[in-house]
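As a plain string of letters, each chain reads:
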Amino acid sequence: MIDLRVTLNDAEFAAGVAVAYQVSVGPSPPELSQRIEQLVARRAAEEFPPPNIRQAIRDMLRKGGFKPAGRNKPASEYLAQAAREGRFPRIDNLVDVNNLVSLESGLPISLLDLDAVGPRAEIRYGREGEKYVFNAAGQEIDLGGLMCLCRVDESGASTPLGNPIKDSMAGKLTPRTRNAVAVIYASTRAIDTPSLQRIAAEFATLLQQFGGAADVQNAVLR
């Protein structure tokens, strides 16, 4: 399991973690596609995420000074809106698993290449002036006050690679990805620890089932 530390000033924060080794990135198999289609159809006809989860996640993101609204709304809200509008994204087997779990739970998730993250990482608030590129067009997101999943190198330097809004291009999966890590961002106001543990375990199982992972691990961090 990756050495991941939480350094936020938030007693209500919790993270579900799923790690998968020796995955294979490719098209989603029919069974996964069918599960996504069925869930999207359900979510398109209801208010989702539920108000209690939506408010808890937004409040969690505000604690560092970030404003989670408009283009900076949580990724889970973006996916739910995409389901309602008939434009739910389909990328590849691993990202589709990520989006399925997020649309099931209502929680935002970072899915990153584990080799880009490295063996040590932390979740901290972004510093003033920190940014990263989040898409192929070169657009940047301002990370100030936003909780970020960061690589920690041997010197102790911390580099943001993911967050509950948009993950970085530097950390995203590619066809060459062989190991992956998912971090499910949660608040204890929205979900209890056993439920978050089940979500992390399901994520790991799906990465094994649909991503061909040779080994998976999962945990909950506070």
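Everything below is about the structure printed above this text.
About the cut-offs
Position numbers for residues count from 1 along each chain, tracking the sequence in the order it is written. Reporting of local features is limited, given that this is a predicted model, to residues whose pLDDT is at least 70; pairs of side-chain atoms are given and counted only at 80 or more, and all residues count toward the totals for whole chains, interfaces and linings. Hydrogens and water are ignored here; the side-chain numbers use all heavy atoms of the structure. We count a stretch as a helix when DSSP gives it H or I for four or more residues in a row; a strand needs E for two or more, and each element gets its number in order from the N terminus. A radius of gyration in this sense is built from C-alpha atoms; the matching globule rule multiplies 2.2 Å by the number of residues raised to 0.38. In this analysis, two residues are considered to be in contact whenever any of their non-hydrogen atoms come within 4.5 Å of each other. The method behind every accessible area is Shrake-Rupley, applied with a 1.4 Å probe, and residues are considered shielded solely by the protein chains displayed. Within this scheme the basic residues Lys and Arg register as positive and the acidic residues Asp and Glu register as negative, but His and the chain ends are omitted. A single reference atom marks each charge: NZ on Lys, CZ on Arg, CG on Asp, CD on Glu. Axis angles are defined between N-to-C directions and span 0 to 180 degrees, where every axis is a line fitted to C-alpha atoms and, for a helix, only to the segment in contact. Should an angle fall under 35 degrees it is taken as roughly parallel, and over 145 as roughly antiparallel, whereas 65 to 115 is taken as roughly perpendicular and any remaining angle as oblique. Here a crossing is called left-handed whenever its near helix is offset anticlockwise from the far helix by less than a right angle, and right-handed whenever the offset is clockwise. Throughout, the ten residues Ala, Val, Leu, Ile, Met, Phe, Trp, Tyr, Cys and Pro are labelled nonpolar, Asp, Glu, Lys and Arg are labelled charged, and all others, Gly among them, are labelled polar. Buried means the residue's accessible area, taken with a 1.4 Å probe over protein chains only, is under 20% of the maximum for its type, while exposed means over 50%, and partly exposed covers the values in between. Two strands are said to pair when DSSP picks up at least two bridges between them. For salt bridges, the criterion is a side-chain nitrogen of Lys or Arg within 4 Å of an Asp or Glu carboxyl oxygen. Each pair of aromatic rings taken from Phe, Tyr and Trp, with Trp reduced to its six-membered ring, is defined by centres within 6.5 Å and is described as stacked if the planes are under 30 degrees apart, edge-to-face if over 60, and tilted in the remaining cases. Put simply, a charge is over a ring when the Lys NZ or the Arg CZ is close to the ring centre, within 6 Å, and near the line of the ring normal, within 35 degrees. Here, nonpolar core means buried Ala, Val, Leu, Ile, Met, Phe, Trp, Tyr and Cys residues that are tied together by side-chain atoms lying within 4.5 Å of each other.

Trainee: I'm lost on the overall build of the protein in this one. Help?
Mentor: When its secondary structure is counted, the protein shows 6 helices and 10 strands. The globule rule puts the C-alpha radius of gyration for 222 residues at 17 Å, and the 16 Å found for the protein is close to it. Projecting the C-alpha coordinates of the protein onto the three principal axes gives extents of approximately 45 × 40 × 40 Å. A fraction of 73% describes how many contacts in the protein between residues 6 or more apart in sequence connect residues 24 or more apart. Accessible area for the protein stands at about 9,800 Å²; split by element, carbon and sulfur atoms hold 48% of it. For the protein, the centre of its 26 positive side-chain charges and the centre of its 26 negative side-chain charges are spaced 4 Å apart.

Trainee: Would you mind showing me how to read the packing of helix α4 (residues 93–105) against helix α6 (residues 193–211) here?
Mentor: The description of two packed helices rests on the angle between their axes and on the distance between the axes. Across the interface, α4 lies against α6 with an axial gap of 10 Å and an inter-helix angle of 150°. Between α4 and α6, the crossing angle belongs to the class labelled roughly antiparallel. Of the two elements, α4 crosses α6, and the hand of that crossing is right-handed. Across the interface between the two elements, Asn-93, Leu-94, Val-97, Asn-98, Leu-100, Val-101, Glu-104 and Ser-105 from α4 touch Ile-199, Glu-202, Phe-203, Leu-206, Leu-207, Phe-210 and Gly-211 from α6. The residue makeup of the contact of α4 with α6, split by class, is 9 nonpolar, 4 polar and 2 charged.

Trainee: Any chance you could explain unusual backbone geometry here in plain terms?
Mentor: In most cases, non-glycine residues show a negative phi, while peptide bonds are predominantly trans. Cis peptide bonds are those with omega within 30 degrees of zero, and the linkage from Phe-48 to Pro-49 qualifies with -5°. Located in the positive-phi region is Gln-22, a residue other than glycine, with phi close to 60°. Looking at the secondary structure, you find Gln-22 in the loop between β2 (13–21) and α1 (30–43). What makes Gln-22 partly exposed here is its relative accessible area of 48%.

Trainee: What am I meant to see in the sheet that holds strand β1 (residues 3–6) here?
Mentor: Note: strands within a sheet are paired through backbone hydrogen bonds, in either parallel or antiparallel orientation. Pairing in this open sheet of 4 strands is mixed, and the strands run β1-β4-β7-β8 from one edge to the other. For this open sheet the edge positions go to β1 and β8 (158–162), each flanked by a neighbour on one side alone. Within the sheet, the average angular offset between the axes of one strand and its neighbour, ignoring direction, is 35°. Two strands pair when backbone bridges link them, and strand β7 (residues 147–152) and β8 are joined in this way by 4 bridges, in the antiparallel orientation.

Trainee: Is there a simple way to explain the pattern of salt bridges in this structure?
Mentor: Two side chains of opposite charge can pair, provided their charged atoms sit close to one another. Summed over the entire model, instances satisfying the criterion amount to 15 salt bridges. Each of the salt bridges in this network shares a partner with another, and the network as a whole consists of Glu-122, Arg-124, Arg-127 and Glu-130.

Trainee: Please clarify how the packing of aromatic side chains should be interpreted in this entry.
Mentor: The description of an aromatic ring pair rests on the distance of the ring centres and on the angle between the ring planes. Within this structure, the stated rule accounts for 0 aromatic pairs. For Arg-43, the ring lying beneath its charged end belongs to Phe-48, and the centroid distance is 3.7 Å. Looking at Lys-166, its charged tip hangs above the ring of Phe-134, at a distance of 5.1 Å from the centre.

Trainee: Looking at this model, I keep getting lost on the environment of Ala-80. Mind explaining?
Mentor: In this structure, Ala-80 sits in helix α3 (residues 75–84). For Ala-80, a relative accessible area of 1% puts it in the buried group. Along the sequence, Ala-80 and Lys-131 sit 51 residues apart, while their C-alpha atoms lie 26 Å from each other. The contacts of Ala-80, once residues within four sequence positions are left out, are Phe-48, Pro-49 and Leu-103.

Trainee: So what exactly am I meant to see when it comes to the environment of Phe-134 here?
Mentor: Assignment of secondary structure puts Phe-134 in the loop between β5 (131–133) and β6 (140–142). Looking at Phe-134, the relative accessible area reads 12%, which means it is buried. Put simply, Phe-134 and Lys-166 are 32 residues apart on the chain and 6.3 Å apart in space, counted from C-alpha to C-alpha. With sequence-adjacent residues up to four places away left out, Phe-134 is seen in contact with Gln-139, Glu-140, Ile-141, Lys-166, Asp-167, Ser-168, Met-169 and Lys-172.

Trainee: Is there a simple way to explain the nonpolar core in this structure?
Mentor: Nonpolar side chains tend to gather and get buried jointly when the protein is soluble and globular. Counting 74 residues, the largest nonpolar core has Leu-107, Ile-123, Met-147 and Phe-203 as its most contacted members. Sorting elements by how many residues they give to this core places α6 first, with 8 residues. Apart from the residues lying within four places of it in its own chain, the contact partners of Leu-107 are Ile-53, Ile-57, Ser-76, Ser-102, Ile-184, Tyr-185, Ala-186, Ile-191, Leu-196 and Ile-199.

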